[in-house]
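Below are the chains, spelled out letter by letter.
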Amino acid sequence: MTTRPMPPRDADERATLAGWLDFYRATLAEKCAGLTEEQLRTASAPPSPLTLLGLVQHLTEVERTWFRRVLVGEDAPPVYGPATDPSGHDGGFAVSADVTFEAARSAWETEIARARANCADRDLARTSPFPGGAVTLRWIYTHMVAEYARHVGHADLIRERIDGATGV
């Protein structure tokens, strides 16, 4: 098991937002820890096809979309999404036989590192263009905390169905 960094209880806004995002990132990693490749590919709550591997892949795409495509305007093609949907927004959920969890985890960790680098010196109030109106880094952080929290809840249910593990 990994050790989750607890978000700071008395910090500035940036440290609080980044702390909660890192907390949920680490929680997802813990939900996947100790499982076999087969278990990570198991859709354990029928009729949903959602898997832990699919969640890691999806959050790789989400990190890439918000912290590379939107935040800094990078032309970063989807890792798992179809080439016809360059937004990658809904990409990643489908699991193919040729992607291992280790490869997916590595891609996810790479996107997290890029996200941290892209955010490091950026003011929370600075805007980035987005369809329908510009967004701030503050908005992106808040959105990402909500995105991860929702999917970590899914991961908790999937993990419990796989081997009974709860909590974390």
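Above this note sits the structure.
Below is a summary of the structure that appears in this document. (Residues numbered from 1 in each chain as written. Predicted model: local features only at pLDDT ≥ 70, side-chain atom pairs only at ≥ 80, totals over all residues. Heavy atoms only, no water.)

**Quick word on the side chain of Glu111**
Point 1. Take Glu111: it is sitting in helix α4 (residues 101–119).
Point 2. Among residues more than four places away in sequence, those in contact with Glu111 are Thr60, Glu63, Arg64 and Arg68. (Helix = DSSP H or I, 4+ residues; strand = E, 2+ residues; numbered from the N terminus. Contact = heavy atoms within 4.5 Å.)

**Describing the packing of helix α3 (residues 52–70) against α4**
Point 1. Two elements in contact, α3 and α4, have axes whose closest approach is 9 Å; the angle formed by their N-to-C orientations is 25°. What the angle tells us is that α3 and α4 run roughly parallel. Of the two possible hands of crossing, α3 and α4 adopt the one that is left-handed. Contact residues: Leu53, Val56, Gln57, Leu59, Thr60, Glu63, Arg64, Phe67 and Arg68 in α3; Phe101, Ala104, Arg105, Ala107, Trp108, Glu111, Ile112, Arg114, Ala115, Asn118 and Cys119 in α4. (Axes fitted to C-alpha atoms, helices over the stretch in contact; angles between N-to-C directions. Parallel < 35°, antiparallel > 145°, perpendicular 65-115°, else oblique. Left-handed = near helix turned anticlockwise from the far one by under 90°.)

**So, the pattern of salt bridges**
Point 1. Per the stated rule, a full pass over the model turns up 15 salt bridges.
Point 2. Where Arg150 meets Glu147, a salt bridge forms, and the shortest distance between an N and an O atom there is 2.7 Å. You can see Arg150 and its partner Glu147 sitting in helix α5 (residues 137–163), three residues apart, about one turn around the helix.
Point 3. In this structure Arg150 comes out as partly exposed when scored by relative accessible area, which is 43%.
Point 4. When salt bridges that share partners are traced, they join Arg64, Arg68, Glu74, Glu111 and Arg114 into one network. (Salt bridge = Lys/Arg side-chain N within 4 Å of Asp/Glu carboxyl O. Buried < 20%, exposed > 50% of the residue type's maximum accessible area, 1.4 Å probe, protein only.)

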